[in-house]
Amino acid sequence: MPSAEETSVHQEPSVVRPTHQDEVAAAGSELIGGRSGRWARLGSTALTPVGAVALVAIGMFALGMVQKLPCYNWAWFRGAGSQYTHACYSDIPHLFAGRGFAEGLVPYFDRLPGDMQFLEYPVLTGVFMQIAAWFTPGGSIQEQEQAYWLVNAGMLMICTAVMAVCVARTHRRRPWDGLLVALAPAFALTATINWDLLAVALTAAAMLMWSRSRPLAFGILIGLATAAKLYPVFLLGPVFVLCWRAGKWRAFSVATLGAAGSWLVVNLPVMVFAPEGWKKFYTFSQERSIDFGSFWLVITQRTGESIEVSTVNTVSTLATIGLCAAIGALTLMAPRRPRFAQLAFLVVAVFILVNKVYSPQYVLWLIPLAVLARPRWRDFLIWQACEVMYFLGIWMYLAYTTSGDKHQGLPTEGYQLAIVLHLLGTLYLCAVVVRDILMPERDVVRRDGSDDPSGGVLDGAEDVFVLGHAAAHPPRHAALTEAAPRVEWGTAGTPAAD
């Protein structure tokens, strides 16, 4: 066992302290006594950095539940407008009755009354919803809907803890970056709107497994996450192009097979025995018209002209493919191989930006990826401010549309401004991530000499295929040593590290 002195000298300096490197984190730390001191022994108590991050995340989740109290007590059940004016709307209680759980109908197998004939969620999310329904006690329909939301909130709180722990552990030397996830205001506000945190937690766990060089576990978790929400499958794209550049084809193949296998295990029984119910998620996504939060809605509202759904689907698909191809080209031509988290953030952001709908809880998809891609408080908070403004904007707009002649809330032009703020905030974060890829000396994760802490088998690997300028200047990956805690890029008298 190492002595306390050895622990203090050799282990503590390996932990990157945001209050010593980030001016915003340093300023914020004044609220709790200032930045950590020179002799602070991090992790020497029962409460480790990872544990602290998990507790803060659970605390913020609880605050988000408190924010929903006006709806829980009455606004969900008394008119349409109150839940919007209090900005506490949630799909969860409404879908308890609206998707047949109150009547004991089985998702995907039993046909629903009304226009939505089957549950329109992926299979694993449907299983999550059904499990919560089993634990919901009886009573009046209002009492059941309240209890259903509470049961789901408890299960989503577990997902929150998983997400926080996985993000804090993905970059071994930067556990305190997890506080960005835990303290994200948009996370607290949107955590219980829908069931997205299930896919977010599985994706965060998958990224942790990839960072530990476990491609099979990564693939299995990505497959499960895709069985809960579509977006996690996009992470296989960055894995493909990064493994192409590094020649790690075996890791990519294992991950892909693991993802396909776990997705099939979850989906195949429903595909075989309830094919019509199983495909509802995919047909609904295809047939859904332009909806809230997208730039498509701004175009139709400003021009007064409708756009055919088929046209939107085609243009969105082509735009997504084109932008992802551009990200792939950037990966192969960058002066240094990009980090996995950077590309993961960019591809999911592309999917969100060109989609025909942006529900406020979709921000949860990006929060863990943004923290791992760009763990900088200033940039993160700028983006979060834009997302909070959008969160308030959509509810105030819905309040306006449901207030009749009173016109209480945010008019159409104000809501369009909220959409633009959301788009600009996301584009801003994408821009700084792309800048970090093109100028790796600006990447805060690599300042301590790291290569790709979330890269697993890619971390420190040599390139075998590059394009353009990168081919003439193979990257030199800095060793993670105390003797060289910082890497200087392109300094005089040394070869440029590109």
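Residues numbered from 1 in each chain as written. Predicted model: local features only at pLDDT ≥ 70, side-chain atom pairs only at ≥ 80, totals over all residues. Heavy atoms only, no water.

K.L.:
I'm lost on the state of the cysteines in this one. Help?
P.N.:
Taken as a whole and judged by the stated rule, the model has one disulfide. Through a disulfide, C71 is tied to C88; the S-S separation comes to 2.0 Å. Disulfide C71-C88: torsion about the S-S bond near 75°, hence right-handed. A residue pair is termed long-range when its members are at least 10 positions apart, and C71 in helix 5 (residues 69-75) and C88 in the loop between helix 6 (82-85) and helix 7 (91-98) qualify at 17 residues. (Disulfide = S-S within 2.5 Å. Helix = DSSP H or I, 4+ residues; strand = E, 2+ residues; numbered from the N terminus.)

K.L.:
Just to check I follow, could you spell out the environment of D448 for this structure?
P.N.:
Within the secondary structure, D448 is located in the loop between helix 23 (412-438) and helix 24 (469-472). Between the C-alpha atoms of D448 and S14, which are 434 residues apart in sequence, the distance is 9.1 Å. Looking at D448, its side chain comes within polar contact range of the side chain of R173, at 3.1 Å. Engagement of the side chain of D448 in a polar contact is seen with the side chain of S450, the distance being 2.7 Å. (Polar contact = N/O pair within 3.5 Å; in protein donor to acceptor, adjacent residues only side chain to side chain.)

K.L.:
Before we go on, may I ask you to explain the nonpolar core in this structure?
P.N.:
Looking at soluble globular proteins, one finds that nonpolar side chains tend to be buried together. Within the largest apolar cluster, 142 residues are counted, with the highest numbers of intra-cluster contacts made by F187, L197, F218, F345 and I367. With sequence-adjacent residues up to four places away left out, F345 is seen in contact with L366, L369, A370, A373, L429, C430 and V433. (Core = buried A, V, L, I, M, F, W, Y, C linked by side-chain atoms within 4.5 Å. Buried < 20%, exposed > 50% of the residue type's maximum accessible area, 1.4 Å probe, protein only. Contact = heavy atoms within 4.5 Å.)

K.L.:
Looking at this structure, how should I read the side chain of T190?
P.N.:
Mapped onto the elements, T190 comes out in helix 11 (residues 185-190). Taking relative accessible area as the criterion, T190 reaches 1% and is therefore assigned buried. Dropping the residues within four chain positions of it, T190 is found in contact with P360, Q361, V363, L364 and F391.

K.L.:
What exactly am I supposed to notice about the packing of helix 20 (residues 340-354) against helix 23 here?
P.N.:
Two quantities define a packed helix pair, namely the angle between the helix axes and the distance between the axes. As a packed pair, helix 20 and helix 23 sit with axes 10 Å apart at the nearest point and diverge in direction by 150°. What the angle tells us is that helix 20 and helix 23 run roughly antiparallel. Here helix 20 and helix 23 pass one another in a crossing that is left-handed. Seen from helix 20, the contacting residues are Q342, L343, F345, L346, A349, I352 and L353; seen from helix 23, they are H422, L423, T426, L427, L429, C430, V433, V434, D436 and I437. Along the lines of polarity and charge, the residues of the contact of helix 20 with helix 23 split into 13 nonpolar, three polar and one charged. (Axes fitted to C-alpha atoms, helices over the stretch in contact; angles between N-to-C directions. Parallel < 35°, antiparallel > 145°, perpendicular 65-115°, else oblique. Left-handed = near helix turned anticlockwise from the far one by under 90°. Nonpolar A, V, L, I, M, F, W, Y, C, P; charged D, E, K, R; others polar.)

K.L.:
Is there a simple way to think about helix 19 (residues 309-333) in this case?
P.N.:
Helical geometry: 3.6 residues make up each α-helical turn, so side chains three or four residues apart lie on a common side. Look at helix 19: 36 Å from first C-alpha to last across 25 residues, which is about the 36 Å you get at 1.5 Å a residue. Inspection of helix 19 places V312, N313, S316, T320, I327, G328, L330, T331 and L332 among the buried residues, and these make up the whole buried set. (Expected span 1.5 Å × (residues − 1).)

K.L.:
Help me understand the packing of helix 14 (residues 236-246) against helix 15 (residues 249-273) in this model?
P.N.:
Interhelical geometry of helix 14 versus helix 15 gives an angle of 160° and a closest axis separation of 8 Å. In terms of their interaxial angle, helix 14 and helix 15 are classed as roughly antiparallel. Relative to helix 15, the crossing made by helix 14 is left-handed. Residues L236, V239, F240, C243 and W244 of helix 14 form the contact with helix 15, whose participating residues are W249, F252 and A259.

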